[in-house]
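# Summary of structural features
Here is what each chain is made of, one letter per residue.
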Amino acid sequence: MHAKNKNIILTGDRPTGKLHIGHFAGSLKRRVELQNSGAFDEVYIMIADAQALTDNADNPEKIRANVTEVALDYLACGLDPSKSTPFIQSQIPELTELAFYYMNLVTVARLQRNPTVKAEILARNFEASIPVGFFTYPISQTADITAFDATVVPVGEDQLPMIEQAREIVRSFNSIYGNTLVEPKELLPENSVCGRLPGTDGKAKMSKSLGNCIYLSDSPDEIKSKVMNMYTDPNHLRVEDKGDTKDNPVFIYLSAFADDGHFARYLPEYENLAALKAHYERGGLGDVKVKKFLNNVMNEILEPIRLRRIEWEKRLPEVYEILKKGSLKARETAAGTADRVKAALKINYFC
Ligand code: ATP
Ligand code: MG
């Protein structure tokens, strides 16, 4: 039977680009805290290359190159291979096998209703030409989660419909074939603005595929130029104008990243974010001043990550060894689940 009463995390990222501050706020930072909390028996972190190929079938080089980039970002953020198991999705064929059987439990109409799939189809201009693999990725994601008996999946807000879908498949599987799979729960960031960080262009979501990101590996000059060019309140034209802080990504980033210590160090004339917001809203505070502060905050947070990344970049063979070891361990676990699933489906002929 499955790993009863264990606390297990499964989470991951698509290697479609380097990781950005949205990933850090939405998931990475929390993962590292959870990994270090000692509250979890296993922490699996997946680089979802097979999933990334579903909408990048014509560009395998991009996916391959970004597997390394994502692994470097993980290690730079403090993912510790002695406490977590990073692995590469495609190296675990059992995940594909599980997805194939779960497909029988989901209707096309149900997938079509999935709001994240809908939004992503629109964002990729796939309306008339959705690859079947992409369309079914929520099912493949259920295979990833259940293969490890994951109880907790730390994610950003856009992934909620995926976890809901996973729970439905688990319930359906268990009710037809007997109690076999574990139902997962999502874990969203405590600070709600971190669950869906907007892009520097003000678009609803910072996303590798939209090119509106501040990357964890950006240089101080790149960060500065991105911050100083950020979209703000388009109606805040003159310093004395009243400004909006709610739909203003500069203030949203400050809500996600700035603490009172940052104010004391870089902008002591304001006690905290509430005071800065109040001034902007009543007028008399220019965007440049706020952006300079945000730049200082981002640099303070990103500098240690960038420096650790540079160190790991010099040790690539070690990085690959970590991924290989992780993938071997992950495969063993997933194979156990696949055996259980095949027994439940009565296709374990030669056991
Ligand atoms: P792609 O555009 O290729 O889908 P992405 O930037 O959306 O890339 P994913 O690899 O799909 O990144 O997402 C990995 C994790 O990061 C998920 O848990 C997702 O919820 C979270 N995440 C992604 N973008 C953001 C964001 N802007 N704010 C908060 N969390 C995010
Ligand atoms: Mg995504």
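The structure displayed is predicted, hence computed values, not measured ones.

Our next topic: the domain arrangement of the chain. The assigned domain composition of the chain is domain 1 (8-197 + 315-344) and domain 2 (220-309). Here the C-alpha centre of domain 2 lies 33 Å away from the C-alpha centre of domain 1. Taken together, the contact pairs 15 residues of domain 1 with eleven residues of domain 2. Interface area, domain 1 with domain 2, both sides summed: about 1,100 Å², of which 71% is carbon and sulfur.

Within the structure, ligand 1 sits among 22 residues, and Thr16, Asp158, Lys205, Ser207 and Ser209 are positioned closest to it. Between ligand 1 and His20 there is a distance of 3.2 Å, counted from an oxygen atom to a side-chain nitrogen or oxygen. In the environment of ligand 1, an oxygen atom lies 2.9 Å from a nitrogen or oxygen atom belonging to the backbone of Gly156. Within the complex, 97% of the 600 Å² of free accessible area of ligand 1 lies under protein. Mapped by element, the contributors of at least two residues to the shell around ligand 1 are strand 1 (8-13) and helix 1 (21-37). With three residues, helix 1 is the largest single contributor of residues to the shell around ligand 1. Considered class by class, the residues forming the shell around ligand 1 number four nonpolar, eleven polar and seven charged.

The rules we used
Residues numbered from 1 in each chain as written. Chains lettered and ligands numbered in written order. Predicted model: local features only at pLDDT ≥ 70, side-chain atom pairs only at ≥ 80, totals over all residues. Heavy atoms only, no water. Domains from an automatic or database assignment. Contact = heavy atoms within 4.5 Å. Buried area = accessible area lost by both parts, 1.4 Å probe. Near = heavy atom within 4 Å. Polar contact = N/O pair within 3.5 Å; in protein donor to acceptor, adjacent residues only side chain to side chain. Areas by Shrake-Rupley, 256 points an atom, 1.4 Å probe, with all protein chains shown as cover. Helix = DSSP H or I, 4+ residues; strand = E, 2+ residues; numbered from the N terminus. Nonpolar A, V, L, I, M, F, W, Y, C, P; charged D, E, K, R; others polar.

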